[in-house]
Amino acid sequence: MIDGFYKIDNVFTEEQRQKLISDFKPFLVDGKQQSAFGITSSFDIPEYPEGFEWFKVSFPTLHLVPQFEELHKNVVDLIKKECGLNLEIDKSWVNLSKGKRKKVQYHTHPGGPDYSCVYYMKIFPFFSNGTLFKDYGLIKVKQNSLMIFDSNLEHSTPSSPLSFERYTWAMDLNTKKI
């Protein structure tokens, strides 16, 4: 654990990482599409200043999709092995952001999960290579890494001066009840 954050590098092989991006892409929708299903942002943000063009997100139920069941189990097992945390998944989703933002929107994860975790599938090596925390600044990670942190920490996708596709896979996790 580094400064209150757990990090795990080299989570998947390069081939597996590329396949994840390909497999998750069909599940991405924009904010307007989510609203059409009666789902509002889990971040309590009425509207992004950029509109909805700068990002896409999946519904937070990827852990319930049969084709991803084993993948989720493997990540939870890896977290237990590397960090000693015995966790279970509450929500799981994928984010696609495009870099440039007009305003940083910090948020926490409602509903009180114990931890949040982000897997960095595709990042630009010099910008947006981590997660921006209100009280800690940018916590940098490498592509193909996983970061686990207290879900009550205010955080945001960082902005960058360049527009590029950044793919992350996020999960809300709770301590497993024995």
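Residues numbered from 1 in each chain as written. Predicted model: local features only at pLDDT ≥ 70, side-chain atom pairs only at ≥ 80, totals over all residues. Heavy atoms only, no water.

Thoughts on the state of the cysteines
In total, this model carries zero disulfides according to the counting rule given. Take C83: it sits in no disulfide, and the sulfur closest to it among the cysteines is that of C117, at 9.2 Å. Under the relative-accessibility criterion, C83 is labelled buried at 16%. (Disulfide = S-S within 2.5 Å. Buried < 20%, exposed > 50% of the residue type's maximum accessible area, 1.4 Å probe, protein only.)

Regarding the environment of I123
In this fold, I123 is placed in the loop between strand 4 (115-122) and strand 5 (130-133). It is 9.9 Å that separates the C-alpha atoms of I123 and S97, two residues lying 26 residues apart in sequence. (Helix = DSSP H or I, 4+ residues; strand = E, 2+ residues; numbered from the N terminus.)

Brief notes about the sheet that holds strand 6 (residues 137-140)
On the basis of which strands lie adjacent, the open sheet formed by three strands has the order 6-5-8 and antiparallel pairing. Single-partner strands in this sheet number two, and they are strand 6 and strand 8 (155-156). With two bridges joining them, strand 5 and strand 8 adopt antiparallel strand pairing. The residue of strand 8 that forms the bridge with L132 is S156. (Pairing = 2+ DSSP bridges.)

Focus on helix 1 (residues 14-24)
Along an α-helix, residues three or four positions apart point the same way, because every turn accommodates 3.6 residues. Looking only at helix 1, the buried set comprises R17, L20, I21 and F24. Viewed end-on, helix 1 has its buried residues packed into an arc of 95°, placing them on one side of the element. (Arc of directions from axis to C-beta.)

Topic: the confidence of the model for the protein
On average, residues of the protein carry a pLDDT of 84, and 81% of them reach 70 or more. Within the protein, the lowest mean pLDDT, 64, falls on helix 2 (residues 31-36), and the highest, 97, falls on helix 1. Low pLDDT, under 50, characterises residues 41-52; the predicted model gives this stretch 21 contacts beyond four residues in sequence or across chains. (pLDDT = per-residue confidence, 0-100. Contact = heavy atoms within 4.5 Å.)

Comments concerning the layout of surface pockets
Reported here for the second largest pocket is a volume of approximately 160 Å³. Forming the boundary of the second largest pocket are F12, Q16, K19, L20, D23, Q67, F68, L71 and N74. Counting residues per element, the ones that place at least two in the lining of the second largest pocket are helix 1 and helix 3 (69-83). With four residues, helix 1 is the largest single contributor of residues to the lining of the second largest pocket. (1 Å grid on protein atoms, 1.4 Å probe; cavity = no way out; pocket = protein on both sides within 12 Å on 5 of 7 lines; lining within 4 Å. Points joined across faces, edges and corners; volume = space filled by probe spheres on them.)

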